[in-house]
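Listed below are the residues making up each chain.
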Amino acid sequence: MTTDYFRASTATDDVTRSALLFNIYEYRTGVFLAKAYVAGQNAHGGLTVVHHSAKLSGLAFYNINVTQSLRRAFHLLEALLPKTIANALRQKGRRPTTLPGLLSTKSPRRTEAIRHVHHRLSELLTLCKTNDWSVSLNLDVRQPPAGALLRFTAERPLPVISFDLTARACTYRLRISGSDRNIPRRIRYGDWKVLTNHPTPGWLVCDRTLLQLGHLNGKHVRPFLSSDEVVVPTEKFRPFWTDFIVKIAKHHVIEATGFTYREVTSPTACRLVAKLHPFEGRYLLHPEWVYGEKVLTRQDREEHCVTYNLEPPYRLTRITRNPQRERTDLEALSDLGLLTDSVTAALYPDERGTYSALYWLIENEARLRQLDIDPVRPEIDGRLLVTPPCSVTMAAGRSGDWLDLTGEIEVGPHRIPFQRFVRYLQKGEHHFPLPDGTTFLIPQEWFTRYRPGLRLARVEGKRVKMARSQTSLLRQLDITLPADEAKSLADAYHPSGNLKATLRPYQLDGVRWLVRHYHQRLGACLADDMGLGKTLQTIAVLQYAKEQIQAELNNNFASDAGAGPSGAAAPDSASKEQSLPAPAATQMDLFAAPAEDESFLQPLRALVVLPASLVFNWQQELQRFAPDLTLTAQTGAKRARDVRILRRFDVILTTYQTALRDRELLGKMEFSYIVLDESQQIKNRQSKIFKTINTLSATHRISLSGTPIENSLSDLWSQMQFINPGLLRGYAFFKNTFIDPIEQEDDPEKKQQLRRLVNPHLLRRTKAAVAPDLPKLETQLYYCEMTAAQRKVYLKETSAARNALLGNFVQEDGEYRFRVIQTLNRLRQLATHPALLDAGYDHGSGKLTEILEQWNTIRRSGHKVLLFSTSVRFLELLKQQAAIPAAEFAWITGSVPSDKRALEVERFQSNPTVQTFFVSIQAGGTGLNLTAADYVFILDPWWNPTIEDQAIARAHRIGRQGNVLARKFITRGTIEEKINRLQNRKRDLASGILNTEEKFNFSKDELGYLLT
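Since the model is a prediction, treat every value here as computed from it, not as a measurement.

Thresholds, definitions, all that
- Residues numbered from 1 in each chain as written.
- Predicted model: local features only at pLDDT ≥ 70, side-chain atom pairs only at ≥ 80, totals over all residues.
- Heavy atoms only, no water.
- Pairing = 2+ DSSP bridges.
- Helix = DSSP H or I, 4+ residues; strand = E, 2+ residues; numbered from the N terminus.
- Axes fitted to C-alpha atoms, helices over the stretch in contact; angles between N-to-C directions.
- Left-handed = near helix turned anticlockwise from the far one by under 90°.
- Contact = heavy atoms within 4.5 Å.
- Nonpolar A, V, L, I, M, F, W, Y, C, P; charged D, E, K, R; others polar.
- Phe/Tyr/Trp six-rings, centres within 6.5 Å; stacked < 30°, edge-to-face > 60°.
- Buried < 20%, exposed > 50% of the residue type's maximum accessible area, 1.4 Å probe, protein only.
- Lys NZ or Arg CZ within 6 Å of the ring centre and 35° of its normal.
- Expected span 1.5 Å × (residues − 1).
- Arc of directions from axis to C-beta.

Caption draft 1: A look at the pairing of strand β24 (residues 390-399). Summarising the sheet, β24 and strand β25 (residues 402-411) pair through 10 bridges and their orientation is antiparallel. Bridge assignment links Cys390 to a residue of β25, and that residue is Val411.

Caption draft 2: Focus on the packing of helix α23 (residues 713-723) against helix α24 (residues 731-745). Closest axis-to-axis distance for the α23/α24 pair is 10 Å, and the angle between their directions is 145 degrees. For the pair α23 and α24, the sense of crossing is right-handed. Where α23 abuts α24, its residues Leu713, Ser714 and Trp717 lie against Tyr731, Phe734, Phe738, Ile739, Ile742 and Glu743. For the contact of α23 with α24, a count of residues per class yields 7 nonpolar, 1 polar and 1 charged.

Caption draft 3: Representation of the packing of aromatic side chains. In total, this model carries 35 aromatic pairs according to the counting rule given. Measuring from centroid to centroid gives 5.9 Å for Phe237 and Trp241, while their planes differ by 40 degrees, and the two rings are tilted. Placement of the pair is Phe237 and Trp241 together in helix α8 (residues 237-251), with a separation of 4 residues, close to one helical turn. Each of the two residues, Phe237 as well as Trp241, counts as buried. Its guanidinium or amino end placed over the ring of Tyr348, Arg282 lies 5.0 Å from that ring's centre, counting from NZ or CZ. Directly above the aromatic system of Trp402 lies the positively charged group of Lys465, at a separation of 4.3 Å from the ring centroid.

Caption draft 4: Structural context of helix α9 (residues 323-335). An ideal rise of 1.5 Å per residue puts 18 Å on 13 residues; α9 measures up with 18 Å between its terminal C-alpha atoms. Taken together, the buried positions of α9 are Glu326, Asp329, Ala332 and Leu333. For α9, the arc enclosing every buried residue in end-on projection is 120 degrees, short of the 170-degree limit, so these residues lie on one face. If you follow the buried residues of α9, they end up packed against β14 (269-276), β15 (283-291), β20 (347-348), α11 (365-370) and β21 (373-376). Taken from the residues just after α9, Gly337 is the one with a positive phi, measuring 100 degrees.

Spelled out as structure tokens, the structure:
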């Protein structure tokens, strides 16, 4: 061809009337490739002349719009170039080959090469038909193209396929039906060329007509180019049946004689089948349609399929799905509330639990059958799932400290002992095997109703038992519980004249609550707000317990008196004896018998364990409110070493550290009560003090704490394990059952269950709710500006910390966490005063200046003030800067012994010249009664806001006359300001259980926030 772009550009008419022409040419016998040309058009759109080969980059010149389809077509043309095909099929490490070599009849890769060509040519021809592009066959570019043009059939012709099976052979015939008169009815009467075989259907040319014949390819047509039928001998029929007839019937209606053939075009049934998802661990509902012997699902995408047998007499069923009927069934299921899983196309109810779909299927069986949908229950381990009528009967009886649960499960004709069934409810296993070989699906209602109450039950052999402290869990189960006389005894309680105090109404309620627990022999945690009189309420119940012992003793004396003179009552003075030898004065043999007067004295033997700073406070309040109770302080170097001395007292006061040192001595005693004040001291279940306290023997246990959950729910477990061992089971069980779901997922059901367990044994009242007559408390924030020198030091430290900690964040590493805490504490100290870190720093502190100014103003006005700090060094710095005489201030830090602390409290409370009290939060933030203070200064914020609240409560408590003003000093632009903001986020963890905070634990974002 001599035409080129220059010639084309001079022919204006041709340029404006040009079109693409795709030519299919026979490259080798039976193998066709393709090229594209630009051809001229006449006024009627006919192609008149071939200009030149088409290139994608030059089509705009001819006003040919380049679409995405056209780009794909040219990509296929490039792929059909002989050199491109050879390169694509070149094997790695082999010498280059050519397309002729690949197509050689001796080439082992001939089939692969032909398939490669057919796939690309088939796609190109499909694009040509879709876009109405002109196609020619074996074009001579020197001649007008009209003689080589092909046309696509307007309507795809259909093959008529028939099989006639006799005893001798199977005759296979193929004809063509359709409206296109250019396609002969018998194949051998046409001029056929096979352009492609892959994929099926293949492209054929018959007398210059391009067509696809049903789902056939060239291989199917070739046998009929010279004959109207193909005869397959009987001995070869078996592979012909499976490899040809069955496959042909899947895509075409056939005619058959000699074997059974039928067509199914509508389902005979729709089934809804429950199946367990292999990965998600939950049941889903799968719609299935029954077409003859075939069951099809939504995941089966094919429109047609076949079923057949392999042995004579041969049977073949061709199935054509009915999409309209299937859509109708799916719409009906959707109207019942089922949703569709986007991945599996299965259905599920709105609730996504493991067994939700199974329960939905059973509950809706009748409605499904009305819609002609058959609900199919699954088999589990080869057992049919059944849901016969069922019921539960249970009862409870007391056995010492335990409740014995008995009962029976009735499932259809089966009677199952209660203890066999409990394990399934506890573990959440919904399948219970029945004796008749079926599996009972436990109703979901039973898990909702019974599982929370039975989750903590213990199954031991044939016994099911629960701790008496867990009785609250059984109330919702409609179980008849043994009568509880403790409530009526508690309601009847009124303080005797031996209690020298007038109880406020809420305090009377608290004592009655403790009395009820006394008669139930259950432990109690009194968690009232700071300052509401937890100590007084506890003393009242100790006095009551002592009176119960005396009443029993008097009854015994009365019984003895009726028998003779020896039963005379003991003198009244004996019950009030308090003057005993000093513990250090009499050192008895540890293994000696009990003193002769012990049975006569009947001491209460209540052990009160408390921080050292509270010993003096308890001594005062016991002597004031319950002077009849004999009392000893088991503290200091001169404390008793003889268990017989301690056994003579009603109340024994000791500190946590002393109890640890005296664990062997205390372990020899049987206490009526163990009381823990500020019981958060045992929050760490791994600590020695927790383990020691829990080895001591006591009939009754009380813990007192304004913050029973100080850091996490594990604190609550420690508290409950002390007062009622086993209430929350072991720690691992408690963590899996409660801590993880609540702290990680905020599980409301677990919160409710934990509340139900804990609330009967934990009483918490707030000041606002029960003591409206408390003085008004006003808390103010004072923001202090850093000095220039202080800011320079602080920013330098912050920058270094940010680079060191955020660049290598390893939250779970203990050493890293220690570095974080150490670094953050350094920043807190710099925000307070750089001199706390650098003794040579002498440029001042904005906070120190502000505190001194306000403090001096308050002192000049005659008011008293508490100064709380986490840093003893800062307290010393303040004292030094103020140059205040020792006679005008009180001082408590960790180094001050307990007896000296009591004197310091007394000086501040009673001496008007002592206006200032320096207190380290760690040593004096709890337990102290400092109602003489008008002001409370919190000099530096702590991570846990409850610690600050407790410090403020030293002054803001019952007994205080006049308002209390608390001031928190925050250095602006420092970590202190951010700590104050984070404190508000630390009050939400157990708000549904009681008021608490979350762990001292920072995420990377929080740490980054603190260091910016």
